[in-house]
Amino acid sequence: MFYYIVRRLVSVVAMVFLITATTFALFYASPIDPARYTCGKNCTPTILEGNRKALGYDEPVLVQYGKFVSGLFVGRDFPNSEELRAQYPEQIVHCPAPCLGYSANQHRTINEMVAEAWPISISIAIGAFTLWMLIGVGGGIVAALNKGRWPDRSIVGAALVGFSLPTFFVGLVLLTFPAIKWGWVPIPNFVPFTENPFRWAQNLILPWITLAFFFAASYVRLTRAYMIETLSEDYIRTANAKGVAKWPVIFRHGLRAALTPIVTAAGLDLGGLLGGAIITESVFSMHGLGYLAVHSVTNMDLPTIVAMVMIVSSFIVIANMLVDIAYGFIDPRVKVA
């Protein structure tokens, strides 16, 4: 298991750097001068040349990428040019490791923007994930155990409705009625967990329900299908024939074997969601990583786009690695060496 984890870690690092290099090359090796997006509509040749030199866009792409990678380990100082740093020492901006770059549009390091955004996205993702796994897996088990009866039809029907409704519609309905019209919960306004755990949860309950409403629907159907298939296996019938109690058979033997595809889907969904729930954050006006990604694309903030691609891809790749490792503990049929 140890060597398997080491190999997976090495492959994760290689994959992240490959994605980063590809993204970096696509944006910075394009025919369009990236410095043109740093000064709005009032760009002059003098301003363009100054920005190009300050941000290092006048250097070859490989040199730029080398400095980007170096900044991840040792940090960087901006402006990029040593001559400019010596000429304007009061304007030096230090970006500590892991330095994701500097946004000329925002006049801030990307580390600062991510540090403000990631607690919001992490809080939304973890809460929604917990909620949809409890509802989705629990509902799927109940539906599978009552196959063909009214609980099964009711749960599957509700799941179909939940899967059909778009996220922005559910979010708007929850924001309009429980929060604004009826006042049951406050209008979402992020409060850090360390400041007030109760208000943190109270202000995030609507985004959690919005995301859980959609994801739980698919997990109900997924869990139901695999539980029905697993409970029809020979070893389940053998356990029942030997007189093993009902619930140990369901959970210890049935659910454990059915968890493999569920864990796969859960890991990838959570990994993608950690990079920002774009629609949900927009509906509830929460400036998480999803909002930051959309804002950077809208304003053609290339350094921030590259950083966001790296962050999101890292979450997904790491989640995939954790899922692979979890297989060895969840399913006894899976062997890792």
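Residues numbered from 1 in each chain as written. Predicted model: local features only at pLDDT ≥ 70, side-chain atom pairs only at ≥ 80, totals over all residues. Heavy atoms only, no water.

1. A look at the confidence of the model for the protein
Reasoning step 1: Scored by pLDDT, the protein comes out at a mean of 86, with 97% of its residues at no less than 70.
Reasoning step 2: Put simply, helix 4 (residues 82–87) is where the protein has its lowest mean pLDDT, 76, and helix 5 (residues 110–145) is where it has its highest, 93. (pLDDT = per-residue confidence, 0-100. Helix = DSSP H or I, 4+ residues; strand = E, 2+ residues; numbered from the N terminus.)

2. Thoughts on the environment of His94
Reasoning step 1: The residue His94 is located in strand 2 (residues 93–95) in this model.
Reasoning step 2: Remark: the alpha-carbon pair of His94 and Ser314, spanning 220 residues in sequence, is separated by 24 Å.
Reasoning step 3: In contact with His94, not counting residues within four places along its chain, are Arg76, Asp77 and Thr109.
Reasoning step 4: Of the polar contacts made by the side chain of His94, one reaches the backbone oxygen of Arg76; its length is 3.5 Å.
Reasoning step 5: Separated by 2.7 Å, the side chains of His94 and Asp77 make a polar contact. (Contact = heavy atoms within 4.5 Å. Polar contact = N/O pair within 3.5 Å; in protein donor to acceptor, adjacent residues only side chain to side chain.)

3. Topic: the packing of aromatic side chains
Reasoning step 1: Under the defined criterion, the tally for this structure stands at 15 aromatic pairs.
Reasoning step 2: Where Trp132 meets Tyr219, the ring centres are 6.0 Å apart and the plane angle is 40°; that geometry is what we call tilted. Remark: Tyr219 occurs in helix 8 (residues 197–231) and Trp132 occurs in helix 5; sequence separation between them is 87 residues.
Reasoning step 3: Trp132 gets classed as buried once you look at its relative accessible area, which sits at 0%.
Reasoning step 4: You can call Tyr219 buried: its relative accessible area is 1%.
Reasoning step 5: By way of ring pairs, the aromatic residues Phe129, Trp132, Phe163, Phe214, Phe215 and Tyr219 are connected into one cluster.
Reasoning step 6: One residue, Arg221, lies across the ring of Phe163, its end atom 5.6 Å from the ring centre.
Reasoning step 7: A cation over a ring is seen here: Lys246 above Trp247, with NZ or CZ 5.1 Å from the ring centre. (Phe/Tyr/Trp six-rings, centres within 6.5 Å; stacked < 30°, edge-to-face > 60°. Buried < 20%, exposed > 50% of the residue type's maximum accessible area, 1.4 Å probe, protein only. Lys NZ or Arg CZ within 6 Å of the ring centre and 35° of its normal.)

4. Quick look at the side chain of Asn146
Reasoning step 1: By the secondary structure assignment, Asn146 is in the loop between helix 5 and helix 6 (150–164).
Reasoning step 2: Its relative accessible area of 18% is what places Asn146 among the buried residues.
Reasoning step 3: In this view, Asn146 contacts Pro151 and Asp152; residues no more than four positions away in its chain are not counted.

5. Concerning the pattern of salt bridges
Reasoning step 1: Scanning the model with the defined rule gives seven salt bridges in all.
Reasoning step 2: Linking Arg52 and Glu49 is a salt bridge whose minimum nitrogen-to-oxygen distance equals 2.8 Å. Taken as a pair, Arg52 and Glu49 lie in helix 2 (residues 45–55) at a separation of three residues, close to a single helical turn.
Reasoning step 3: Given a relative accessible area of 18%, Arg52 falls into the buried group.
Reasoning step 4: Using a relative accessible area of 42% as the deciding quantity, one classes Glu49 as partly exposed.
Reasoning step 5: Between Arg224 and Asp152 there is a salt bridge whose closest N-O contact spans 2.7 Å. Taken together, the positions of Arg224 in helix 8 and Asp152 in helix 6 put the pair 72 residues apart, joining distant regions of the chain.
Reasoning step 6: What makes Asp152 buried here is its relative accessible area of 4%.
Reasoning step 7: Taken together, the salt bridges that share partners define one network made up of Arg108, Glu112 and Glu116. (Salt bridge = Lys/Arg side-chain N within 4 Å of Asp/Glu carboxyl O.)

6. Some thoughts on the state of the cysteines
Reasoning step 1: Applying the stated criterion to the full structure yields one disulfide.
Reasoning step 2: Through a disulfide, Cys95 is tied to Cys99; the S-S separation comes to 2.3 Å. For the disulfide bridge between Cys95 and Cys99, the dihedral angle about the S-S bond is near 110°, and by the sign convention the bridge is right-handed.
Reasoning step 3: Judged by relative accessible area, Cys99 falls into the buried class, the value being 1%. (Disulfide = S-S within 2.5 Å.)

7. Considering the environment of Asn105
Reasoning step 1: Tracing the sequence through the fold places Asn105 in the loop between strand 3 (102–103) and strand 4 (108–109).
Reasoning step 2: Within polar-contact distance, the side chain of Asn105 engages the backbone oxygen of Asn299 at 3.2 Å.

8. What about helix 5?
Since the α-helix packs 3.6 residues into each turn, any two residues three or four apart lie on the same face.
Reasoning step 1: Between the first and last C-alpha of helix 5 there are 50 Å, a value that for 36 residues agrees with the 52 Å anticipated at 1.5 Å per step.
Reasoning step 2: Ala117 marks the point of greatest bend in helix 5, at about 35°, and the proline Pro119 comes within the next four residues. (Expected span 1.5 Å × (residues − 1). Bend = angle between axes of the 7 residues up to and from the residue.)

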